[in-house]
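Observations on chain architecture
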Amino acid sequence: MASIVDVRINGRGGQGAVTASRLLAEAAIIEGQYVHAFPNFGPERAGAPVTSFSRISPEPFTEKIEVYNPDIVVVIDSSLLGDVQIAEGLKPGGIIICNYEGKLESLKHYFEGVDSKIYKISGTRIAREELGINKPNMIMLGALLKVVQIVKLESLIKVTKERFKGVIGEKNTKAIRRAYNEVE
Amino acid sequence: MIEPIVKGMTGDEAVAWAAKQINPDVIAAYPITPQTIIVERFSDYVNDGLVDTSYIPVESEHSAMSACVGASATGARVFTATASAGLALMYEILYVASGMRLPIVLAVANRAFSAPINIHGECTDQMVCRDASWISLFGESAQEAYDETIMSFKIGENPEVMLPTMFGIEGFIVTHALERVDTLPDKTVKEFLGDRRVIPACCTFNPFAVGTFGSLVLQDNYMELKRQQEEAMQKAYHVTKNVMAEFSEISGRDYEIIEKYNLEDADYAFVSYGATAGNAKAVVDRLREKGEKVGSLKIRLYRPYPVSDIYEALKGIKAVSILDRSATFGSPATIAQNDLAAALYGKKDVPTLHGYINGLGGRVLLLPEIEQVYEQSKKYHEEGKALTQDWIGYRR
């Protein structure tokens, strides 16, 4: 069981949290891993807080259950920090990766007393510069894969290019690589 | 075994992909909540010219199944999908399909009934159709959803059977969740199924051949025709076994009408169907690590009910916990427990049976709760209780 990694993506409706959890899982599949990836099903609306999950394991597993205790939490939108319990259910020593423009030290204030490792990436800035729009979902995965290599960066890029054909795929690839190098 | 083509697909997408490979002659469906992504994806395939299927968008599920009946009676290979209230609205025509011996295949995204309004996973919708003379299968995963789509046609279309088949996958946790699916090449699927074999002689589009379907049959012959359906159902048991064995060979995946997990030396067991069985197996692993002698039995073929297989699998076990993700009210036992009790009654060395209604309307039954179920059943057994029924995982 220890080989299973549970990733929760916290975002807002319309930011691509569901797409991100799906593409992370698809990247794992092309590496021969096993997955169960799904959104938290509720009344989704643009801008409302949403969560999406990817359960990934190199070994087959049979459990079909929602993720309550993630190993990793990825936060697509820093405005969620005051609104929702980002660290809710996070396993002790778990990882939080946040799209955050400020300093890492100030991000850590949000998680005082939480047994976790905190990382940040200026996802929105990278998205604006590389994509021209505020869609940092794939960028956050680039950052994630630098912190924990649950799938290979090249696998993620492959599925990203399949999903987003042409110039959008190229731009996302560049943004993913940049996030991979800039996460702190 | 044929080398698989690995894909990432949701349960719904896996069914749609299998249907695309099968390329049925007709699909009729009503596209409203709660429909499934199955027919939505399939409509893309039709639009993109990837299939030859006639896609009939109708005005209700009652009409969807009626259109399927008409199409199947002409000898066409027919597929449709629905869920929850949609299946309930089909109910009248389910009996027409089976009574006319039409091997329609129906994918069910198992979801709760209203009221209150709910669109989430539970299997009551399919369970209440168990007496409709449809072959009934449950799938645990997107992989089984894909595989059962293909097998269902082969079972129902067998000349010895000629009955419609439904298979269910649970709403959201299977239908909308992405998993790895090992698919077969198009050619393999086509070869496995072949063409539909029995086509009524009067339905070959020969203007001189005329026949009547679904005609009036009263006290004189009605019961004989119903008895033929029962005999077909008995044959479906053997045909399903054979089809699964054949499919196991080409796919390399081990298919049986029931799935036995760690039952050989078990004192206790879980019995379940659908996605719940995956969780039961995970709990079996946990309990085995603690030294508990426990196993899991998954019922894949629910109708015809595999009486002797289940008896052989559970013989000698002390107590069984039935994880039943279906609702029944004022019943002597839970739905799956009722069938299991009847299958084992009066036989030797049978377990005590403890039914647990759970997971209604998408409620999640956590793995620790399944462990509690196990402890509770052990306790009931020690207290000498042979048949108990509980609801679990709700606020009191």
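Scoring rules and cut-offs
Throughout, residues of each chain are indexed from 1 in the direction in which the sequence is written. As a convention, the first chain written is A and the first ligand written is 1, with the rest following in written order. Thresholds applied to this predicted model are a pLDDT of at least 70 for local features of residues and 80 or more for the giving and counting of side-chain atom pairs; totals over whole chains, interfaces and linings are not thresholded and use all residues. Only DSSP runs of H or I covering at least 4 residues are called helices, and only runs of E covering at least 2 are called strands; the numbering of each starts at the N terminus. Restricting the calculation to C-alpha atoms gives the radius of gyration, and the globule rule supplies 2.2 Å times the number of residues raised to the power 0.38. Our exposure labels follow a C-beta count within 10 Å of each residue's own C-beta, placed from the backbone: buried means 20 or more other C-beta atoms, exposed means 12 or fewer, and partly exposed covers the counts in between. What counts as a contact is two residues whose backbone-derived C-beta atoms lie within 7 Å of each other. Domain extents, as shown, originate in an automatic or database domain assignment. One requirement defines pairing of two strands: DSSP has to find at least two bridges between them. Working rule for helices: expected span equals 1.5 Å times residues minus one. The convention used is that axes are lines fitted to C-alpha atoms, helices contributing only their stretch in contact, and that angles between N-to-C directions extend from 0 to 180 degrees. What sets the label is the angle itself: under 35 degrees gives roughly parallel, over 145 gives roughly antiparallel, 65 to 115 gives roughly perpendicular, and the rest give oblique. Whether a crossing is left-handed or right-handed is set by the direction in which the near helix is turned from the far one by less than a right angle, anticlockwise for left-handed and clockwise for right-handed. Under the scheme applied, nonpolar residues are Ala, Val, Leu, Ile, Met, Phe, Trp, Tyr, Cys and Pro; charged residues are Asp, Glu, Lys and Arg; polar residues are all the others, including Gly.

We now examine the overall build of chain B. Scanning chain B for helices and strands turns up 12 helices and 15 strands. Computed over its C-alpha atoms, the radius of gyration of chain B comes to 21 Å, within 12% of the 21 Å expected for a compact globule of 396 residues. A principal-axis box enclosing the C-alpha atoms of chain B has dimensions of 70 × 50 × 45 Å. Residues counted as buried form 52% of the 396 residues belonging to chain B. Counting only contacts in chain B whose residues sit at least 6 apart along the sequence, the fraction spanning at least 24 positions is 80%.

As a further point, take the domain arrangement of chain B. All names here are of chain B. Along its sequence, chain B is carved into domain 1 (5-251) and domain 2 (258-391). Centre-to-centre separation of domain 1 and domain 2, based on C-alpha positions: 28 Å. Opposite the 28 residues of domain 1 that make contact, domain 2 presents 21 residues. Secondary structure elements with two or more residues in the side of domain 1 that touches domain 2: α5 (124-127), β6 (135-138), β7 (165-170) and α8 (222-251).

Take the interface of chain B and chain A next. Often the size quoted for an interface is simply the accessible area lost on bringing the parts together. Contact residues are listed per partner, giving 18 residues for chain B and 15 residues for chain A. Of all the elements in the fold, those that place two or more residues in the side of chain B that touches chain A are β1 (5-10), β8 (178-183) and α9 (276-289) of chain B. Here strand β2 (residues 34-39) of chain A pairs with β8(B) via two bridges, running antiparallel. In the sheet register, His36(A) faces β8(B), and the bridge partner there is Glu179(B).

In this section: the environment of Ser133(B). Residue and element names in this part refer to chain B. In this fold, Ser133 is placed in the loop between α5 and β6. Here Ser133 falls in the buried class, since 22 other C-beta atoms lie within 10 Å of it. As a C-alpha pair, Ser133 and Ser114 span 19 residues in sequence and 25 Å in three-dimensional space. Beyond its immediate chain neighbours, meaning those up to four positions away, Ser133 contacts Ser98, Leu163, Gln229 and Met233.

Residues that lie three or four places apart on an α-helix share one face, since the helix turns once every 3.6 residues. All names here are of chain B. Along its 14 residues, α9 runs 20 Å from first to last C-alpha, staying within 8% of the 20 Å computed at 1.5 Å per residue. Where α9 is concerned, the buried positions are Thr276, Ala277, Gly278, Asn279, Ala280, Lys281, Val283, Val284 and Leu287. Those residues of α9 that are buried lie in contact with β9 (258-261), β10 (268-272), β11 (294-299), β13 (319-324) and α12 (367-382).

Attention now moves to the packing of helix α6 (residues 142-156) of chain B against α8(B). Helix-helix packing is described using two parameters, namely the angle between the two axes and the distance between the axes. Residues and elements named next belong to chain B. α8 packs onto α6 with a crossing angle of 135 degrees between their chain directions and a minimal axis gap of 10 Å. By the criterion of interaxial angle, the relationship of α6 to α8 is oblique. Of the two elements, α6 crosses α8, and the hand of that crossing is right-handed. Each of Asp147, Met151, Lys154 and Ile155 in α6 lies in contact with α8, whose residues at this interface are Ala236, Val239, Thr240, Val243, Met244, Phe247 and Ser251. In terms of residue class, the contact of α6 with α8 is made up of seven nonpolar, two polar and two charged.

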